[in-house]
Amino acid sequence: MNKLSISIIGVPMDLGQNRRGVDMGPSAIRYAGVVERLQNLGHSVKDEGDIAISHTRKEQSPNTHLRNLEDVIEGNTNLANKVHEVLSEGKYPLVLGGDHSIAIGTLAGLADRYENLGVIWYDAHADLNTAETSPSGNIHGMPLAASLGLGHEDLVNIRSYAPKIKPENVVIIGARSVDPGERELIKEKGIKVFSMHEIDKHGMTEVMNQTISYFHERKVDGVHLSLDLDGLDPLYTPGVGTPVPGGISYRESHLAMEMLYSSNLITSAEFVEVNPILDEKNKTADVAVGLMGSLFGESLI
């Protein structure tokens, strides 16, 4: 097993949506024992603490349909710079959220370190909205679009370059709630999606085998895993802001993480949308830490 030097970065961001509590996600994941879990696998782990996040909550920003735009930009810029710094030190970035808008900052800090970065978007949602297509104006539904260079110019151009990733280097796994504008964008850009239909029909083993083969064919030089806990069925992860029934099972998710570990493809990861206020006895954070265990090499025997 590869022994990694992992830097944990907490991002207590709840500004990308309108339900409070997800800012406590990083603390809940730490409380669930993430540092000890990874250290017990032989990895070196440094907790870098939390990115400073403003909590002014200005709601809709002037002349836009976007909630808390300026503060989301500021938080993501700080995160991008920290991720970039961690990578420069040869460390493995493991980001704890926080709502999914933080992926804008994570990818902004990662992408200019790679020639051909791949992204696995493990999520019930496609997160491909822009201000024009979003029903809510919530930026946590826009991070994948922003990383592809679509949306408000200040979100798109964090760290002064865009796009961060190519649409042909994205694989979405677990989608089951996709807005009409997102559906059109998926078709237009040719983004690869394994919806719950494909997972139900073919099984998680085949979905992951195809995902891994796809990235090998694309000759990526790194793959970032962006895992939203609402990708799993709410039965297993009740503490998320936008639960969608009929999701990926607990065991299917562990299998996916185990296969990704064996593939040696994943070079950075983030786990987002843990909301302790909506949770049951920290169940969702416990699941997140368990999945990290599988991703970083934990096995029964």
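Coordinates for the structure precede this section.
What you are looking at is a predicted structure, and each value in this text was computed from that prediction instead of being measured.

Turning next to helix H7 (residues 180-189). Buried residues of H7: Glu 182, Leu 185 and Ile 186, and no others. Seen along its axis, H7 keeps its buried residues to an arc of 105°; they face one direction. The exposed set on the far side of H7, more than 90 degrees from its buried face, consists of Pro 180, Lys 187 and Glu 188. Close packing links the buried residues of H7 with strand E6 (192-195). Just past H7, the residue Gly 190 takes up positive phi, approximately 70°.

Moving on, we come to the layout of surface pockets. The volume enclosed by the largest pocket comes to roughly 290 Å³. Around the largest pocket, the lining is made up of 22 residues, and of these His 125, Ser 136, His 140, Gly 141 and Thr 242 lie nearest the centre. Grouping the constituent residues of the lining of the largest pocket by class yields one nonpolar, 13 polar and eight charged. Asn 2, Leu 4, His 43, Tyr 92, Leu 260, Tyr 261, Asn 264, Leu 265, Ile 266, Thr 267, Leu 295 and Phe 296 are the residues that line the second largest pocket. Put simply, the parts of the chain that give the lining of the second largest pocket at least two residues each are helix H10 (250-263) and strand E8 (266-272).

Moving on: unusual backbone geometry. For the bond from Gly 97 to Gly 98, the omega torsion is 15°, close enough to zero to count as cis. Relative to the helices and strands, Gly 98 is located in the loop between strand E3 (92-97) and helix H4 (103-110). Cis geometry marks the peptide bond from Ala 162 to Pro 163; its omega dihedral reads -10°. Note on placement: Pro 163 falls in the loop between helix H6 (153-156) and strand E5 (170-175). Positive phi is not limited to glycine here, since Arg 159 has a value of about 65°. Looking at the secondary structure, you find Arg 159 in the loop between H6 and E5. Among the residues examined, Arg 159 registers a relative accessible area of 28% and is labelled partly exposed.

Looking now at the packing of helix H9 (residues 204-218) against H10. Their axes nearest at 10 Å, the elements H9 and H10 cross at an angle of 30°. With respect to each other, H9 and H10 are oriented roughly parallel. The hand of the H9/H10 crossing is right-handed. On H10, the residues that touch Met 204, Thr 205, Met 208, Asn 209 and Ile 212 of H9 are Glu 252, Leu 255, Ala 256, Met 259, Leu 260 and Ser 263. Residues belonging to the contact of H9 with H10 are distributed by class as follows: seven nonpolar, three polar and one charged.

Below, the discussion takes up the pairing of E8. Most of E8 is tucked away: six of the seven residues are buried. Looking at chain direction, strand E7 (residues 222-228) and E8 are connected through six bridges and run parallel. For Val 223, the partnering residue across the bridge sits in E8 and is Ile 266. On the question of chirality, the crossover connecting E7 to the parallel E8 by way of H10 is right-handed.

Inspection of the secondary structure puts Asp 99 in the loop between E3 and H4. Looking at Asp 99, the relative accessible area reads 0%, which means it is buried. Side-chain polar atoms of Asp 99 contact the side chain of Ser 101, separated by 2.5 Å. Discounting chain neighbours no more than four positions away, the residues touching Asp 99 are Met 13, Asp 14, Leu 15, Gly 16, Gln 17, Val 22, His 140, Val 272 and Glu 273.

Reading the values: rules and limits
Along each chain, residue indices are assigned from 1 in the same order as the chain's sequence is written. Thresholds applied to this predicted model are a pLDDT of at least 70 for local features of residues and 80 or more for the giving and counting of side-chain atom pairs; totals over whole chains, interfaces and linings are not thresholded and use all residues. Calculation of side-chain values draws on the structure's entire complement of heavy atoms; hydrogens and water are dropped beforehand. Each residue gets one of three labels from its accessible area relative to the maximum for its type: buried under 20%, exposed over 50%, partly exposed in between, using a 1.4 Å probe on protein chains only. What counts as a helix is a DSSP run of H or I of at least four residues, what counts as a strand is a run of E of at least two, and both are numbered from the N terminus. Here the arc refers to the set of directions running from the helix axis out to each C-beta atom. Residue contacts follow a heavy-atom distance rule, with two residues in contact if any of their heavy atoms lie within 4.5 Å. Only protein atoms enter the calculation, which uses a 1 Å grid: trapped sets of points that fit a 1.4 Å probe without letting it out are cavities, open sets showing protein on both sides within 12 Å along at least five of seven lines are pockets, and any residue with an atom within 4 Å of a point is a lining residue. Grid points are joined across faces, edges and corners, and a volume is the space filled by probe spheres set on the points. Side-chain classes follow a simple rule in which Ala, Val, Leu, Ile, Met, Phe, Trp, Tyr, Cys and Pro form the nonpolar group, Asp, Glu, Lys and Arg form the charged group, and the remainder, Gly included, forms the polar group. Note on method: axes are straight lines fitted to C-alpha atoms, helices fitted across the in-contact stretch only, with angles between N-to-C directions ranging 0 to 180 degrees. Note that the term roughly parallel is reserved for angles under 35 degrees, roughly antiparallel for angles over 145, roughly perpendicular for angles of 65 to 115, and oblique for everything else. Rotating anticlockwise by less than a right angle from the far helix to the near helix defines a left-handed crossing, while the corresponding clockwise rotation defines a right-handed one. Pairs of strands are assigned from DSSP output, requiring at least two bridges between the strands. Seen with its strands pointing away from the viewer, a crossover is right-handed when the path leading from the first strand over the helix to the second is clockwise. Each polar contact in these results corresponds to two N or O atoms within 3.5 Å; when the atoms are within protein, one needs to be able to donate a hydrogen and the other to accept it, and residues that are neighboring in sequence are counted only if both atoms are side-chain atoms.

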